[in-house]
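The lines below spell out each chain.
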Amino acid sequence: MAIVDESETPVRMEGKMMAMIVYWVLGLGSLLAWNSIIAIGDYYYKIFPKYHPSRVLPLMYLPVAIGTLTILAYNESRIDTRRRNIAGYCLYFLGSLLYIVLDLATSGRGGLGTYVGLCAISATLGVAHALVLGGMVGDLSFMCREFIQSYFAGIAASGVLTTGLRLITKAAYEKSNTGLRKGGMLFLAISASSQFLCILLYAFYLPKLPLVKFYRSNAALEGSKTVSSDLAAAGIDQAEDEVIHEDQLTIKQLLYQNIDYAMDLYLNTALTLSICPGFLYENTGTHRLGSWYALVLLSLYNVWDLISRYIPLINWLRLESRKGLMIAVLARFLFIPAFYFTAKYADQGWMIMLVSSLGLTNGHLTVCIMTAAPKGYKGPEQNALGNLLTWFILAGLCSGLALDWLWIIGKGKF
């Protein structure tokens, strides 16, 4: 099989649409467990009213994720992608089940011990996140941009699914004393089922799709060792003498050449998480929508985040200029004073508009950066760059989480 330049289109395109659907589902499963916890935040605020669950649980989740990904990204060339991703989805599945078991074992009661258990499970999901997100993005970085766009759209769709279902269950169980709990258990059951589906799709179906085999074979020919198990699962035996051995860029060299993309992702995600979800739950005041207000805002953010991830598929709307991307990312910091003054002085209509704009810009810029950065590199370098950029996404999320606490300084709510 001949190596082709990334700009060229493979002659055989069989399985492209199915691969896009599968990657969308895998993206959905990559964050559904965590988005379920965020979406049922009102349930956790009811049983843990003094523990700031929308802020503390991410604090247990993200530092573990970034610590794990640091190790994985440094050693990415020696880690088998297939085993890494399957292990990650299995951890997601077990974590979702453990949330259910913990709630059933405590009969939905609060308390410090239960909260510590909740935090421990969240940390486990952090490990799963590092395994899956870095592994999937690294693998997708040497494939066509439609695949990576589909994966990130699936990640956003997990937020839409969870908040949409949360609105339905809240309406259905609003007058029930155990309504919030029933809704929460439904979410976690759906999450566990989706993780199991992801395990089956990744392990048995995805490796056999023709276009996926093409890209992985091409990466193997360029020297990538991370795809060997996936190729073996597809029945492809890559001979060592077929591999073209060339000098490859190191992690430091890749970082130096792509520092602007890395900082774009870091700043973009830091800004987003400094506002969503903590600010939306605790700092938007009381309005006519009452207890529905924060959930409606979170739903709107997720819907626009999903829609915006399809915008780059339209060529003239796809932002590829490195300078343009940096300007757009920096301009988003105007959201901070905008949210502050809107929460303090404006009504809920202005807040809805701001939240929608936050989601629209977040998804669009993320996909534009992730599809532009890997261009021009060989397969092993693209895999390494995908892991590296994922690290900066998680670093941005972690920093945004820390900055989110600044909204409640001086309010006497610690």
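Above this text is the structure in question.
Here is what the cut-offs are and how they apply
- Residue numbers run consecutively from 1 along every chain, following the written order of its sequence.
- This being a predicted model, a pLDDT of at least 70 is required before a residue's local features are given, and a value of 80 or more before pairs of side-chain atoms are given or counted; all residues contribute to the totals for chains, interfaces and linings.
- Computation of side-chain values: all heavy atoms of the structure, hydrogens and water removed.
- Between rings of Phe, Tyr and Trp, where Trp is taken as its six-membered ring, a pair exists when centres lie within 6.5 Å; planes separated by under 30 degrees are stacked, by over 60 edge-to-face, and by other angles tilted.
- Only protein chains enter the area calculation, which uses a 1.4 Å probe; residues under 20% of their type maximum are buried, those over 50% are exposed, and those in between are partly exposed.
- Axis definition: a line fitted to C-alpha atoms, over the contacting stretch in the case of helices. Angles run 0 to 180 degrees between N-to-C directions.
- Helix and strand assignments come from DSSP, with helices taken as H or I runs of at least 4 residues and strands as E runs of at least 2, each series counted from the N terminus.
- These descriptions rest on fixed angle ranges, namely under 35 degrees for roughly parallel, over 145 for roughly antiparallel, 65 to 115 for roughly perpendicular, and the rest for oblique.
- Here a crossing is taken to be left-handed if its near helix is turned anticlockwise relative to the far helix by less than a right angle, and right-handed if that turn runs clockwise.
- Any two residues whose heavy atoms approach within 4.5 Å at even a single point are treated as in contact.
- In this count, Pro and Cys sit with the nonpolar residues alongside Ala, Val, Leu, Ile, Met, Phe, Trp and Tyr, while Asp, Glu, Lys and Arg are called charged and the others, Gly among them, polar.
- A pocket, in this scheme, is an open set of points on a 1 Å grid over the protein atoms alone with protein on both sides within 12 Å along at least 5 of 7 lines, while a cavity is a set where a 1.4 Å probe fits but cannot get out; residues line either one if an atom lies within 4 Å of a point.
- Grid points are joined across faces, edges and corners, and a volume is the space filled by probe spheres set on the points.

Using the criterion set out here, one finds 13 aromatic pairs in the structure. A centroid spacing of 6.2 Å and a plane angle of 25° characterise the contact between Tyr44 and Phe48, whose relative ring orientation is stacked. Tyr44 sits in the buried class, given a relative accessible area of 4%. Classification of Phe48 by relative accessible area gives buried; the value is 1%. Measuring from ring centre to ring centre gives 5.9 Å for Phe93 and Phe196, while their planes differ by 40°; the resulting arrangement is tilted.

Attention shifts here to the packing of helix 3 (residues 53-74) against helix 17 (residues 379-404). At a minimum axis separation of 9 Å, helix 3 and helix 17 run at an interaxial angle of 155°. Taken together, the axes of helix 3 and helix 17 are roughly antiparallel relative to one another. The chirality of how helix 3 crosses helix 17 is left-handed. Seen from helix 3, the contacting residues are Arg55, Pro58, Leu59, Leu62, Pro63, Ala65, Ile66, Leu69, Thr70 and Ala73; seen from helix 17, they are Asn387, Thr390, Trp391, Leu394, Ala395, Leu397, Cys398, Leu401 and Asp404. Split by residue class, the contact of helix 3 with helix 17 holds 14 nonpolar, three polar and two charged.

If you walk through the whole model with that rule in mind, you get five cavities of 30 Å³ or more. By volume, the largest cavity amounts to about 600 Å³. As for the largest cavity, its lining consists of 30 residues, and the residues nearest its centre are Leu31, Asn35, Leu273, Tyr301 and Leu397. Broken down by element, the residue count for the lining of the largest cavity peaks at six residues, all from helix 6 (residues 145-173). Of the residues contributing to the lining of the largest cavity, the split by class is 17 nonpolar, eleven polar and two charged. There is about 60 Å³ of room inside the second largest cavity. Lining of the second largest cavity is provided by Tyr44, Ile47, Phe48, Tyr99, Leu102, Asp103, Thr106, Arg109, Thr114 and Leu118. Sorting the residues of the lining of the second largest cavity by element identifies helix 2 (41-47), helix 4 (81-106) and helix 5 (112-140) as the ones contributing at least two each. It is helix 4 that contributes the most residues to the lining of the second largest cavity, four residues altogether. Classifying every residue of the lining of the second largest cavity by side-chain character gives six nonpolar, two polar and two charged.

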